[in-house]
Amino acid sequence: MKNILLVFTLFSISSIFSSAFAIPRIYTPALEDSASESLSFSIFKDDYSYSDPTMMFEETFRDGDKSSMPFLLLLQFDYPMFNSWVDAGFSANFGLGYSSGRGVFSGDASESETRMNLWTLPMEVGAFVEFDLKYIIFSISAGPSILGVIQNRSDFDHEDEGKNIRQVGYGYYGMGQIKFNLNRIFKKNAFDLFSSYQATRLTMNLEVRHVDYGNFKDDIQISGDSFGLGFSFDFY
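Being a predicted model, the structure only gives us computed values, none of them experimental. (Residues numbered from 1 in each chain as written. Predicted model: local features only at pLDDT ≥ 70, side-chain atom pairs only at ≥ 80, totals over all residues. Heavy atoms only, no water.)

Enquirer: Looking at this structure, how should I read the overall build of the protein?
Expert: Scanning the protein for helices and strands turns up 4 helices and 9 strands. What you see in the protein, going N to C, is helices and strands ordered as α-β-β-α-β-β-β-β-β-α-α-β-β. Considering only contacts within the protein whose residues lie at least 6 apart along the sequence, 69% involve residues at least 24 apart. In the form shown here, the protein has an accessible surface area of approximately 13300 Å², with 67% of it arising from carbon and sulfur atoms. (Helix = DSSP H or I, 4+ residues; strand = E, 2+ residues; numbered from the N terminus. Contact = heavy atoms within 4.5 Å. Areas by Shrake-Rupley, 256 points an atom, 1.4 Å probe, with all protein chains shown as cover.)

Here is the structure:
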């Protein structure tokens with residue numbers, strides 16, 4: 001029994017040490033091709049077209065004098081299956097968008113005092129391909145997407161029917177990114193990021209995102225292109 005316990009203890013210790021030594025201790029640019037996952041944060045100005053038979057969405061959230069600047073925050077998780085000067089793998093994206101404006105009277109299209117809020121929640125899976133030119137990376141991704149939409153109005157009480165209108169549609173997305181490799185530009189930061197977080201690469205991204213959604217409970221179509229800015233962290 002003591003022999004078995006000794007063997008088990010030695011095996012556990014060797015496993016811990018082998019795992020520790022398997023992780024590189026010093027950053028080198030070659031580690032950029034060893035990333036196992038990537039996390040991106042992006043913000044887009046929501047320039048998508050919201051079309052419905054009454055044009056209520058466009059008049060309230062786009063054309064109104066009291067319309068806020070609409071935006072979309074997006075988290076993107078990439079999992080490369082192949083990693084070299086060409087990277088390819090799968091993506092999972094989760095977002096939160098917001099638009100706000102004053103309600104519009106149907107008769108003369110004048111604005112009311114009612115504040116209308118619109119929340120959008122995209123969830124999507126897809127595939128990506130990247131072309132790594134060291135200082136600059138070109139990335140494209142696409143896949144199916146589900147969009148949750150929540151409409152909220154200020155003139156109803158919380159218990160009133162119609163205070164919050166929820167519906168779900170689906171469609172597809174496509175995204176293109178130009179990534180600037182900050183590790184190659186700021187080399188000291190590259191060493192610090194790797195030693196602290198095992199991050200093999202940090203990039204700043206210029207992005208364009210195309211979507212096309214339909215099949216909502218109401219007759220709504222959401223489509224078009226939006227431009228954004230983001231940052232990506234690759235992890236060993």
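Enquirer: Sorry, what's going on with empty space enclosed by the protein here?
Expert: Left-over empty space is what a probe sized like a water molecule reveals as it rolls over the atoms. The tally for this structure, following the rule as stated, stands at 2 cavities of 30 Å³ or more. Ser38, Asp87, Glu130, Arg201 and Asp234 are, among the 15 residues lining the largest cavity, the residues nearest its centre. Split into classes, the residues belonging to the lining of the largest cavity amount to 3 nonpolar, 4 polar and 8 charged. By volume, the second largest cavity is sized at about 90 Å³. If you go around the second largest cavity, the residues you meet are Asp46, Tyr48, Tyr50, Leu72, Thr120, Pro122, Leu147, Arg209, Val211, Tyr213 and Ile222. Looking at the lining of the second largest cavity, the elements that each hand over two or more residues are strand E5 (111-132) and strand E8 (199-214). (1 Å grid on protein atoms, 1.4 Å probe; cavity = no way out; pocket = protein on both sides within 12 Å on 5 of 7 lines; lining within 4 Å. Points joined across faces, edges and corners; volume = space filled by probe spheres on them. Nonpolar A, V, L, I, M, F, W, Y, C, P; charged D, E, K, R; others polar.)

Enquirer: Whenever I open this one, the pattern of salt bridges confuses me. Can you help?
Expert: For side chains bearing opposite charge, pairing can occur when the charged atoms are close. Using the criterion set out here, one finds 7 salt bridges in the structure. Notably, a salt bridge pairs Arg209 with Glu124, separated by 2.6 Å at the nearest N-O pair. Here Arg209 is found in strand E8, whereas its partner Glu124 is found in strand E5, with 85 residues between them in sequence. Accessibility classification places Arg209 together with Glu124 in one group, the buried group. A single salt-bridge network, built from bridges that share partners, covers Asp87, Glu130, Asp132, Lys179, Arg201 and Asp234. (Salt bridge = Lys/Arg side-chain N within 4 Å of Asp/Glu carboxyl O. Buried < 20%, exposed > 50% of the residue type's maximum accessible area, 1.4 Å probe, protein only.)

Enquirer: Mind showing me how you'd approach the confidence of the model for the protein here?
Expert: Reading predicted coordinates in detail is not appropriate for stretches of low pLDDT. Scored by pLDDT, the protein has a mean of 81; 77% of the residues are at 70 or more. Predicted confidence for residues 2-21 stays below pLDDT 50, and this span has 1 contact to residues more than four positions away or in other chains. (pLDDT = per-residue confidence, 0-100.)

Enquirer: Quick question: what am I supposed to make of the nonpolar core here?
Expert: A general feature of soluble globular proteins is that nonpolar side chains tend to end up buried together. Counting residues in each nonpolar core, the largest one holds 18 residues, and the members touching the most others are Phe216 and Ile222. Contributions of two or more residues to this core are made by helix H2 (56-61), strand E3 (71-82), E5, strand E6 (136-153), strand E7 (164-181) and E8. (Core = buried A, V, L, I, M, F, W, Y, C linked by side-chain atoms within 4.5 Å.)

Enquirer: Explain the packing of aromatic side chains here, please?
Expert: Two measures describe an aromatic ring pair: the distance that separates the ring centres and the angle between the ring planes. What the rule picks out here adds up to 4 aromatic pairs. Relative to Phe233, the ring of Phe41 has its centre 6.5 Å away and its plane inclined at 85°; by these criteria the two rings are edge-to-face. In this pair, Phe41 sits in strand E1 (residues 37-45) while Phe233 sits in strand E9 (residues 221-235), placing the two residues 192 residues apart along the sequence. Taking the relative accessible area as the measure of exposure, Phe41 reaches 41% and is therefore partly exposed. Since its relative accessible area comes to 23%, Phe233 is described here as partly exposed. (Phe/Tyr/Trp six-rings, centres within 6.5 Å; stacked < 30°, edge-to-face > 60°.)

Enquirer: Before we go on, may I ask you to explain unusual backbone geometry in this structure?
Expert: Outside of glycine, negative phi angles account for most residues, and trans bonds account for most peptide bonds. Phi is positive for Lys134, which is not a glycine, with a value near 75°. Mapped onto the elements, Lys134 comes out in the loop between E5 and E6. At Asn215, a position not held by glycine, the phi torsion is positive, near 65°. Topologically, Asn215 is positioned in the loop between E8 and E9.

Enquirer: Got a minute to help me understand helix H4 (residues 187-197) in this structure?
Expert: What sets the pattern is the α-helix's 3.6 residues per turn: residues three or four places apart point alike. When H4 is considered as a whole, its buried residues turn out to be Ala190, Leu193 and Phe194. The buried residues of H4 occupy one face: seen down the axis, they fall within an arc of 95°. Facing away from the buried side of H4 by more than 90 degrees, the exposed set consists of Lys188 and Ser195. For H4, the secondary structure elements touched by its buried residues are helix H3 (182-185), E8 and E9. (Arc of directions from axis to C-beta.)

Enquirer: Is there a simple way to think about the environment of Asn189 in this case?
Expert: Among the structural elements, Asn189 can be located in helix H4. Between the C-alpha atoms of Asn189 and Arg201, which are 12 residues apart in sequence, the distance is 10.0 Å.

Enquirer: It is not clear to me how the pairing of E8 should be interpreted in this structure. Could you clarify?
Expert: Note on strand geometry: in a regular strand, side chains alternate between the two faces of the sheet. Both E7 and E8 contribute to a ladder of 12 bridges, which runs antiparallel. Across the sheet, residue Asn181 finds its bridge partner in E8, namely Thr203. Bridge count between E8 and E9: 14 bridges; the pairing is antiparallel. When the bridges of E9 are listed, Asp212 appears paired with Ser223. (Pairing = 2+ DSSP bridges.)

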